[in-house]
Amino acid sequence: MTGSIEAQVLQPYKYGFVTDIETDVVPPGLNEDVIRVISQKKSEPEWMLDWRLRAYRQWLKMKEPHWSNVTYGPIDYQAISYYAAPKAKPKLDSLEQVDPKLIETFEKLGIPLEERKRLAGVAVDAVFDSVSVATTFRETLAKQGVIFCAISEAIREYPDLVREYLGSVVPHNDNFFAALNSAVFTDGSFAYIPKGVRCPLELSTYFRINASSTGQFERTLIVAEEGSYVSYLEGCSAPVRDENQLHAAVVELVALDNAEIKYSTIQNWYPGDEAGRGGIYNFVTKRGKCLGRNSKISWTQVETGSAITWKYPGCILQGDNSVGEFYSVAVTNNRQQADTGTKMIHLGKNTRSTIVSKGISAGRGQNTYRGLVKIMKGAEHARNYSQCDSMLIGDKCGAHTFPYIDVRNSSALMEHEASTSKIGEDQIFYCKQRGLSAEDAVNMIVNGFCKEVFKELPMEFAVEAQRLLGISLEGSVG
Amino acid sequence: MTRRATRETGRALLEVRNLHAAVEGREILRGVDLLVNVGEVHAVMGPNGSGKSTLAQVLGGHPAYSVTEGSVLYQGKDLLAMKPEERAREGVFLAFQYPVAIRGITNAYFLRSALNALRKARGEQELGPVEFMDALEDKLKVIGWDDSYLSRPVNDGFSGGEKKRNEILQLAVLEPKLAILDETDSGLDIDALKTVAHTVDRLRRPDSATVLVTHYYRILTHITPDFVHVLSGGRIVKSGAKELALELEEKGYDWLREEAAVG
């Protein structure tokens, strides 16, 4: 830790560059015509357009939610452009036809798209503004029957699958931001793991916002058939800009009998500067449905970026004996605000859920854990274990915990633990007295605090998460 | 008298002159003078509240204490101008009276990070996990531990005695030039005390020195100090050879306080 992380800690947000590329942008504003344009650009079938329009009409009747513990100025939805794509039309069948500028952009982000350069064992879908520009290892995956492609492509190529599951976990009118996403979503990933297949590679999508005054509205759908397994990772970043940009994504997961989906996120959107100028509004709806018996969905998230984070990846535990897990590290530094947590809805018998949440606040950051555990009437012998730990660095930040528990079956077993600690002068002094620098000391203490979550991440990403944490907390201790 | 004698024989490692220090605006140290040469063991004794731990913390560089007057030279350099981590890298080690726990970080990782920070500062190659474990084996034996302690989080869930032993393990691994032991003996049962004392004794080297801050005589039956100092009211009121410790054991501290008040 002393070597590499110390060097990293001294760096500012390093993904803040802008790619200079000709972009096809739909003018700002939102109405039915804009939605028709998006649908047309994606060469979508009629049913998709109808679904979008239904969502849009619902959205018009909905109000932006303000119950979360965050504050921000009004968002002008008519000032946002809902579609931006690099002009050189990307062709997915060959990387040679992808604009070299895009390949270079992803290289700079540490996501080389040429397969020979890739980390062994990881297939990547790269999304740039509103379009997927490349998906690697498609052939390797196809041999096992695994489908991994841009969702816009899936809508054209696998309409039956998409139609069956799209909106089945997060309906088009689920909430304000989900409805907006349903109306205007542009790209995202689709993964389908056939019956009995253990996906041979980690699947991964990297989202990059580049254009200014645009929002990114991606939609991801993962379906794991009976007895299959997949591990999926999502990463993201954006340029440094003074304006706030909206990112309203929807992720839906479906696990059938004995299937398992492991979904990991490393969220590193631009967090804004020290004074709170700029940064991404990350308003995201993520939900998984354990539809089958003995199925399992596990969410792991490391949230270091964004000016505001509003997300509650949850699990609907419908199948008997199904398992839901949520492991989270959320960091807020400077003026960042996070209101994040999970929802575990127990419907089936003997369903189990585990929640481990670690919130770290530094600077003037505000960090809120908000979680709901709901045990429905039919959920005999359901069990939940929740652990919410908060760590404060400095005396101008805040940590808040709102655990909601709703139990409607008396056979349920619930455990809840919570703690708040402060990185103390004594702890840092102890490390320094052993020769460690202040940065290394904080890194060590924070990484130790997050260990239970990091051990859930795939190996390479755990290293990445530790490194990001160091960068996010830069300058938080003198 | 004693001090003059040491100055002739030894090489000064630590020179504390007229040291005044305060915490939260309260002056605790009121003119401490202390000279420690290489190869020596000094015991600093005194009643509760005399400033013993403050002296140890100030030498270690704890930010809560401010030095209001005086100077400290370490190897001829201004110790007070150095950050705590710089002091550590120059070979100053403070064994804490209340060692701090670090959740989720294993003892082995912490020890290796600390050792590598010192090695890096000295321009030496950092040790990888395997090399480090090899180097650690003997040190563990010295304090009578098996390697199960290495995979436990630093001081987390350790008993009082285990925490103190852990400090001594760190001492053994980091091999400082100046070891300051802040009441490492308090709260230890007889066996633990013996182990700790013998370890410290075994680690004595001709080019290093130890300052043993203690309330009790009993550790001095296992480690023979070259000098004993009595701290009272923020000053060293008496210095002598090891016999002074025995005298304190018999007579307590009150007579010294009176003597100091009169003198």
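Every residue gets a number counted from 1 within its own chain, in the order that chain's sequence is written. By the order in which they are written, chains take letters starting at A while ligands take numbers starting at 1. Note on the predicted model: pLDDT of at least 70 is required for a residue's local features to be given, and 80 or more for side-chain atom pairs to be given and counted; whole-chain, interface and lining totals, by contrast, use all residues.

## Details of the sheet that holds strand E4 (residues 65-74) of chain B
Residue and element names in this part refer to chain B.
Inference 1: Between any two strands, at least two bridges found by DSSP are needed for them to pair. Every helix listed is a DSSP run of H or I at least four residues long, and every strand listed is a run of E at least two residues long, numbered separately from the N terminus. Strands sit in the order E2-E1-E4-E5 across an open sheet of 4 strands; the sheet is antiparallel. Of all the strands in the sheet, the pair left with one neighbour each is strand E2 (26-37) and strand E5 (77-78).
Inference 2: Sheet topology note: the E4/E5 ladder contains 2 bridges and is antiparallel. Along E5, the bridge assignment pairs Tyr74 with Lys77.

## Details of the interface of chain B and chain A
Inference 1: Each partner contributes to the interface: chain B provides 24 residues, whereas chain A provides 19 residues.
Inference 2: Sorting the residues of the side of chain B that touches chain A by element identifies helix H3 (84-89), strand E7 (102-106) and helix H4 (107-121) of chain B as the ones contributing at least two each.
Inference 3: The element that contributes the greatest number of residues to the side of chain B that touches chain A is H4(B), accounting for 7 residues.
Inference 4: Residue composition of the side of chain B that touches chain A, by class: 14 nonpolar, 6 polar and 4 charged. Any pair of residues counts as being in contact when their C-beta atoms, constructed from backbone geometry, are within 7 Å of one another. Classes in brief: Ala, Val, Leu, Ile, Met, Phe, Trp, Tyr, Cys and Pro nonpolar; Asp, Glu, Lys and Arg charged; the others, Gly included, polar.

## A few points about the nonpolar core
Inference 1: In this structure, Ala224(A), Ala255(A), Ile261(A) and Ile180(B) are the most contacted members of the largest nonpolar core, which totals 197 residues.
Inference 2: A per-element tally of this core places helix H10 (residues 438-454) of chain A first, with 9 residues.
Inference 3: Once you skip the residues sitting within four places of it in the chain, Ala224(A) turns out to touch Ile193(A), Val230(A), Val254(A), Ala255(A), Leu256(A), Ala259(A), Glu260(A) and Ile261(A). Nonpolar core, as used here: buried Ala, Val, Leu, Ile, Met, Phe, Trp, Tyr and Cys residues forming one set through C-beta atoms within 7 Å. Whether a residue is buried, exposed or partly exposed is read from the other C-beta atoms within 10 Å of its own C-beta, which are placed from the backbone; 20 or more gives buried, 12 or fewer gives exposed, and intermediate counts give partly exposed.

## Description of the sheet that holds strand E3 (residues 41-45) of chain B
Residue and element names in this part refer to chain B.
Inference 1: With respect to topology, 6 strands assemble into an open sheet ordered E6-E9-E10-E3-E11-E12, the strand pairing being mixed. Of all strands in the sheet, those with a lone pairing partner are strand E6 (92-95) and strand E12 (235-240), marking the two edges. On average, each strand axis in the sheet is inclined to that of its neighbour by 20°, with strand direction left out of account.
Inference 2: Sheet analysis places E3 next to strand E11 (residues 227-232), joined by 4 bridges and oriented parallel. Bridging from a neighbouring strand, Met45 pairs with Val230 of E11. Here an angle of 0 to 180 degrees is reported between the N-to-C directions of two axes, which are lines fitted to C-alpha atoms, with helices fitted over the stretch in contact.

## Concerning the environment of Arg138(A)
Inference 1: Considering the arrangement of structural elements, one finds Arg138(A) in helix H5 (residues 138-143).
Inference 2: When residues no more than four places from it in sequence are discounted, the contact partners of Arg138(A) are Phe148(A) and Cys149(A).

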